[in-house]
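The chain contents come next:
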Amino acid sequence: MTTPRARPGDPSLELFGPATVADPAEAAIEPAVPRSAADAILEGLNDEQRAAVTHGEGPLLIVAGAGTGKTQVVTRRIAWLIAAKKARPEQILALTFTEKAAAEMEARVDELVPYGFTGTTICTFHAFGDRMLREHAVELGLTTQLRVESRAEILVFLREHLFELGLRRYLPLGRPDEHLDALVTLFDRARDEDVSPERYLAFAHELAAAATTDADRDRADMELEKATAYAAYQQLLLTNGRIDFGSQISLALRLLRERPYLRREYAERYRYVLVDEFQDTNHVQFELVKHLAGRRPNVTVVGDDDQSIYRFRGAKVENLLQFRDTYANSKMVLLTRNYRSGQAILDVAHRLIQRNNPERLEFKANLDKRLRAHRPEPGVVEHETYRTASNEADAVIASIEQTLAEGTLAPGDIAILARAHTHLEPFAAALKARGIPFQRANTRGLYGRTEVQLCLNVLRAIADPDDGPSVHQVLGHPLYSVDAVDLARLSAHARRRNQGLLAIATAAARDASFDLSAASRTAIVSFAELHRRLASSAVRRPTTEVLYEFAAESGILESLAGAGSLEAVEQAKNLNKLFHIAARIGPLLKVDRVDQFMRHLDLLIEAGDDPSAAEIELDENAVHLLTAHNAKGLEFPVVYMVQLAEQKFPLRQRSETMALPPELYIGAVDEKADHEREERRLFFVGVTRARDRLVMTYAADYGGKMLRKTSKFVVEALGLTETPRRAEPSSAMQSIARYAPGTDAPVPEMQPLADDAPITISHHQIDDYLTCPLKYRYAHLAQIPLARDPRMMFGIAIHHAIKIYHRHKLKGLPITTDDVIGAFTGAWSSEGFYTREHEDLRQEEGKAILRRFVEAEDNSGVIPLAIEMEFRFAVEAATVIGRFDRIDERHGEIVLVDYKTAEIEAVDRADKRAEQSLKDEQLGIYALAYFETRGTMPARVELRFVESGLVGSAEVKPEHLVRARQRIMEAAAGIRSARFPATPEPRRCSFCPYSRFCPSSALRPGGAA
């Protein structure tokens, strides 16, 4: 049996220094680790990379060209700052733009930092802003749970508050919501440029004051209306406890500007701030970084102006160009040694991107940014032209087929890149026809998935039984498989009689004289009976419960639970996403019922809402079909850039319907020139994805009356003489082929991971896997939806109210019992409760519990050390994540507290629950987490049962930590194996929420004894 690693006197512990630092701005801390630790971090770096990694104090700009090891430099710099004792992990903040990039950075840092100690904050800008808002919501006067709304949800919300925006000219009475989409875009642009409603209003009033002509006065009136609507919009969001994605950052910046103590707190918390992909920041994000860095900015930004490709999201390449103006004493390190591509490919890229001069850092700063290949192989660049789109697709796939036949490359070594998803469709069809495995990003949204369409059509049929198209789709779905001829006959009969299809089909199925197959009769009767039960439930129950009843009673969940394929996992995840959408929408409705839900959802869909379908991350050996945006950060031995024609790449510029006034932008604005430069940068990104071979292809005829010219970017990159190409138009058969249905990549089977593959797990995942691996698969891989549990809804609201109480106390802010109860009701959800009476009684019980809680806490006078504190630590290659509810220091001892809403009425039972949790459940993981992240073993753990007020307590011993480590390693090994056998047992299955449809449940007839 292993024992916990020693901490007192352990050199590895000394690496991270004392718990606090008196002066966060102190220049350095003497290294307390062997030089070999820091040397190992620097191993293999070239001189420029080493200079970037080992930069000491002050601002640093790392200009990292494509393929120069940018991610390696960022992650090693974080590790070096820790190893060199410049900062402890928790004093470092790294910001990036995608969850995937943040996860990759975390994994790399975990591998580099000794003993797997983590604590570095690595997240996206939006996640950081969201966390900051929730942590300091009280500063904004908010106690309810904040809802982050999608664009479509914002549009629907504004429809409901349309006449509160102060609109006149932008409120045509024939169609009042006509300009909402343009207005929301305008508000987004204003926030990206750090233009507050107050500033916009002041600008509009200045225009009015200076106006001397009718045109000037008209413009001033127009801008005043837009500015007024912007101010009303911001206020509406906050009043209703909602924020959009832009607000996550702008409100975080507002907190830092308006609360000096917060600005000081964050500057002291993070001694070093690092920003990845800095060229993609917008103005407000740069302002946020400046405030976080403080007066002595140890800020490192990494980027490449030639790879700035997100202007449509508000990104300002000027931020990178102006970094040195902002920080006059900054150091710049230029990384130009490319470890990816052959020199011939790099020369093509450089020839192209120089056309963006003089608006480039290389030109402005008189630098040499030409990428120099580290690899001796020069690489190959080819250019092929074709008559038609189908000729192009056939030739590209034939070339891939020949390459694979040579046996030197695998399918996963090849990528096909295009400007847009639709441009990839002919290539997907050709790959499928030849049986070559391929994978592509989702091209259909969630609402286009067959299993989701089935559920929505069932809900539509419940809301309106005479909705013929919805009933037709349900009966024709493989779940029921009514014969297609029978279904057509029934539909025609319903039209002739002007009756609903469901009524006609049900009557026909019960009429022996009607010509129907036996299978069709059975299927129709089965759906009609289920429909009747669902309609009865829909009168009384929320949408999520009706949806769950259909999924469970129809057999969908049982079917997905019994299937072991990744396709079933993908479908279950999609259904789970639909359940989450229904749960989000429910509280917004006057009464959460199916008819109101479908009306609201159809409004969202009309507003453009179509969330992405579930994606399963796989290292699949298949040809990659990607857009140039998707390909950012990737590399492949062979890259085909396809459909390189004018108006395809570059795409034609689309002007914004309602633009932000140019006077409010930071810097000059030239929409046409800016668009072309960004498209050229995107082409540059595509070119620099290739390692050994780059093939650029083009066809003259992509449909339509006009033949296409070769993209100007191809001409620029290759130094060609641009000559319009003539070609015969497509044949009728080729034109018809363009209307073929989209082609989805096949879903492969799940493969095990290597024994040392990094994974991230929580205590819930560990508990579920060790309880029953099949339960883990249902809950965390397939994410099979479950009926809403009123106990869970109750617990969420109670926990939120307790959190709000403690946050006020920690900040020294006043908070009353009524405030706490307001937080409770603000977080309340009606889902899962049996009746309205049940819900009302439970809510009153919750209020009584919180009154007792506030009274007891106020009388205790104890202020926690921390609440809702996240943790991360490593056990071998597994990173364990979680959150402490509360940490106390009492009589010099650390006590970990977890709140529970379970009903416990006896002290001995409460203690027994705490002891059990410490031994084999959540609290054991928490005790180990504290030990691993603080180097000290907590003295005790407590379960506080808020309903009874009882406290269960248990003393933490070394064997508890040993046991927790064993459980983590056992669960991690099992998860990596990709084997999820059932371990049925009557008592265990009786508590399992999946037992209703689990084929292995011990509770089923014939199940395990």
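Residues numbered from 1 in each chain as written. Predicted model: local features only at pLDDT ≥ 70, side-chain atom pairs only at ≥ 80, totals over all residues. Heavy atoms only, no water.

Points about the overall build of the protein chain
- Secondary structure assignment for the protein chain yields 40 helices and 22 strands.
- What you see for the protein chain is a C-alpha radius of gyration of 31 Å, in line with the 30 Å of a compact globule of 1009 residues.
- When the backbone C-alpha atoms are referred to their principal axes, the protein chain occupies close to 95 × 85 × 75 Å.
- Sorting the 1009 residues of the protein chain into buried and exposed places 53% on the buried side.
- Counting only carbon and sulfur atoms, one obtains 50% of the accessible surface of the protein chain, whose full area is about 44,200 Å². (Helix = DSSP H or I, 4+ residues; strand = E, 2+ residues; numbered from the N terminus. Rg over C-alpha atoms; globule rule 2.2 N^0.38 Å. Buried < 20%, exposed > 50% of the residue type's maximum accessible area, 1.4 Å probe, protein only. Areas by Shrake-Rupley, 256 points an atom, 1.4 Å probe, with all protein chains shown as cover.)

Quick word on the pairing of strand 12 (residues 414-418)
- Among the five residues in strand 12, five count as buried, and that is most of the element.
- Here strand 12 shows two buried faces, one formed by Ile414, Ile416 and Ala418 and the other by Ala415 and Leu417.
- Bridging between strand 12 and strand 15 (residues 636-641) involves four bridges; their strand directions are parallel. From the neighbouring strand, isoleucine 416 faces strand 15, where its bridge partner is tyrosine 640.
- Taken together, the four bridges between strand 12 and strand 14 (residues 623-627) define a ladder with parallel strand orientation. Looking at strand 14, one finds that alanine 415 is bridged to histidine 624. (Pairing = 2+ DSSP bridges.)

A closer look at the pattern of salt bridges
- Across all of its chains, the model carries 74 salt bridges by this definition.
- The residue arginine 131 makes a salt bridge to glutamate 870 at a minimum N-O spacing of 3.9 Å. Within this pair, whereas arginine 131 is found in helix 6 (residues 125-135), its partner glutamate 870 is found in strand 18 (residues 866-875), the two being separated by 739 residues in sequence.
- Judged by relative accessible area, which is 33%, arginine 131 ranks as partly exposed.
- Between glutamate 265 and arginine 269 there is a salt bridge; the shortest N-O distance is 2.8 Å. Here the residue glutamate 265 and the residue arginine 269 both occupy positions in helix 12 (residues 260-269), the gap between them amounting to four residues, near one helical turn. (Salt bridge = Lys/Arg side-chain N within 4 Å of Asp/Glu carboxyl O.)

Observations regarding unusual backbone geometry
- That bond from asparagine 357 to proline 358 is cis: its omega, 10 degrees, falls within 30 degrees of zero.
- Along the chain, proline 358 falls in the loop between helix 16 (343-353) and helix 17 (361-364).
- Proline 650 follows phenylalanine 649 through a cis peptide bond whose omega is 15 degrees.
- For proline 650, the position within the fold is in the loop between strand 15 and helix 29 (671-687).
- Residue lysine 85 is not a glycine yet carries a positive backbone phi of 60 degrees.
- Looking at where lysine 85 falls in the secondary structure, it is placed in the loop between helix 4 (70-83) and strand 2 (92-96).
- For glutamine 647, which is not glycine, the phi torsion reads 70 degrees and is therefore positive.
- Relative to the helices and strands, glutamine 647 is located in the loop between strand 15 and helix 29.
- The class for glutamine 647 is partly exposed, based on a relative accessible area of 44%.

With respect to the side chain of serine 399
- Here serine 399 shows up in helix 18 (residues 389-405).
- Residue serine 399 is classed as buried on the basis of its relative accessible area of 19%.
- Here serine 399 is in contact with Tyr640 and Arg693, once residues within four sequence places are set aside. (Contact = heavy atoms within 4.5 Å.)

Digging into the packing of aromatic side chains
- Applying the stated criterion to the full structure yields 30 aromatic pairs.
- With a centroid separation of 6.3 Å and an interplanar angle of 80 degrees, the aromatic rings of phenylalanine 649 and phenylalanine 713 are classed as edge-to-face. Of this pair, phenylalanine 649 sits in the loop between strand 15 and helix 29 while phenylalanine 713 is found in helix 30 (residues 712-718), placing the two residues 64 residues apart along the sequence. Accessibility assignment for this pair places phenylalanine 649 and phenylalanine 713 in one class, buried.
- Between tyrosine 769 and phenylalanine 980, the ring centres sit 6.3 Å apart and the planes meet at 80 degrees, which makes this aromatic pair edge-to-face. (Phe/Tyr/Trp six-rings, centres within 6.5 Å; stacked < 30°, edge-to-face > 60°.)

Some words on the pairing of strand 14
- Most of strand 14 sits inside the fold, with five of its five residues counted as buried.
- A two-sided burial pattern is seen for strand 14, the buried positions comprising Val623, Leu625 and Thr627 on one face and His624 and Leu626 on the other.
- Examined bridge by bridge, strand 13 (residues 438-440) and strand 14 share three bridges and lie parallel to one another. Its bridge partner being in strand 14, arginine 440 is matched across the sheet by leucine 625.

Some remarks on the sheet that holds strand 13
- A sheet is described by the order of its strands in space; here six strands give the open sequence 11-16-15-12-14-13, paired in parallel fashion. In this open sheet, the two edge strands, each paired with only one partner strand, are strand 11 (380-388) and strand 13. Neighbouring strand axes in the sheet, compared pairwise and without regard to direction, differ in orientation by 20 degrees on average.
- Of the pairings in the sheet, the one linking strand 11 to strand 16 (residues 690-701) comprises eight bridges and is parallel in character. Opposite threonine 385, over in strand 16, you have tyrosine 698 as the bridge partner.
- In this fold helix 16 packs onto strand 11 and strand 16, with an angle of close to 50 degrees to the strand it touches most, strand 16. (Axes fitted to C-alpha atoms, helices over the stretch in contact; angles between N-to-C directions.)

A few points about the sheet that holds strand 7 (residues 299-303)
- Read across the sheet, six strands follow the order 3-2-6-7-1-8 without closing on themselves; strand pairing throughout is parallel. Pairing within the sheet leaves two strands with one partner each, and these edge strands are strand 3 (121-124) and strand 8 (331-335). Between one strand and the next, the sheet's axes are offset by a mean angle of 15 degrees, whatever the strand orientation.
- Across three bridges, the pairing between strand 6 (residues 272-275) and strand 7 is parallel. Considered in strand 7, the bridge of valine 273 is made with valine 299.
- Sheet contacts for helix 4: strand 1 (60-64), strand 2, strand 3, strand 6, strand 7 and strand 8; angle to strand 6, the most-contacted strand, approximately 170 degrees.
- On top of the sheet, helix 13 (residues 283-293) reaches strand 2, strand 6 and strand 7; it is set at about 160 degrees to strand 6, its chief contact.

Topic: the packing of helix 20 (residues 450-463) against helix 21 (residues 468-476)
- Viewed as axis vectors pointing N to C, helix 20 and helix 21 meet at an angle of 135 degrees, and their least axial separation amounts to 8 Å. The orientation of helix 20 with respect to helix 21, classified from their angle, is oblique. When you trace helix 20 past helix 21, the crossing you get is left-handed. Side by side, helix 20 and helix 21 meet where Leu454, Asn457, Val458, Arg460 and Ala461 of the first sit next to Ser470, Val471, Gln473 and Val474 of the second.
- For the contact of helix 20 with helix 21, the residue count by class is five nonpolar, three polar and one charged. (Parallel < 35°, antiparallel > 145°, perpendicular 65-115°, else oblique. Left-handed = near helix turned anticlockwise from the far one by under 90°. Nonpolar A, V, L, I, M, F, W, Y, C, P; charged D, E, K, R; others polar.)

Comments concerning the environment of glutamate 258
- Within the secondary structure, glutamate 258 sits in helix 11 (residues 245-258).
- The exposure class of glutamate 258 is partly exposed, given its relative accessible area of 46%.
- For the pair glutamate 258 and alanine 971, spaced 713 residues apart in sequence, the C-alpha to C-alpha distance is 46 Å.

Details of the confidence of the model for the protein chain
- Per-residue pLDDT for the protein chain has a mean of 84; in total, 91% of the residues score no lower than 70.
- When the criterion is pLDDT under 50, residues 1-34 qualifies, and its contacts beyond four places in sequence or with other chains add up to 60 contacts. (pLDDT = per-residue confidence, 0-100.)

Observations regarding the packing of helix 20 against helix 24 (residues 518-540)
- Contact geometry of helix 20 with helix 24 gives a least axis separation of 10 Å together with a crossing angle of 70 degrees. Judged by the inter-axis angle, helix 20 sits roughly perpendicular to helix 24. The two elements helix 20 and helix 24 cross, and the hand of that crossing is right-handed. Taking contact as the criterion, the partners of Val458, Ala461 and Ile462 in helix 20 are, on helix 24, Phe527, His531, Leu534, Ala535 and Ala538.

With respect to helix 8 (residues 180-192)
- In this model, helix 8 (13 residues) spans 18 Å end to end at C-alpha, consistent with the 18 Å of a helix rising 1.5 Å per residue.
- For helix 8, every residue scored as buried is listed here: Leu180, Ala182, Leu183, Val184, Thr185, Leu186, Phe187, Arg189, Ala190, Arg191 and Asp192.
- Where helix 8 is buried, its residues contact helix 7 (151-160), helix 9 (197-210), helix 10 (214-239), helix 11 and helix 13.
- Of the residues trailing helix 8, aspartate 194 is marked for its positive phi of about 60 degrees. (Expected span 1.5 Å × (residues − 1).)

Overview of helix 7
- The element helix 7 is extensively covered by neighbouring structure, given that seven of its ten residues are classed as buried.
- Buried residues belonging to helix 7 abut strand 4 (147-148), helix 8, helix 10, strand 5 (242-243), helix 27 (566-585) and helix 28 (594-606).

Examining the environment of alanine 954
- Turning to its location among the elements, alanine 954 is positioned in strand 22 (residues 950-955).
- With a relative accessible area of 5%, alanine 954 lands in the buried category.
- Counting along the chain gives 42 residues from alanine 954 to lysine 912, while the straight-line C-alpha distance between them is 8.3 Å.
- Look past the residues within four positions of alanine 954 in its chain and what remains in contact with it is Ala914, Glu915, Leu918, Ala939, Arg940 and Val941.

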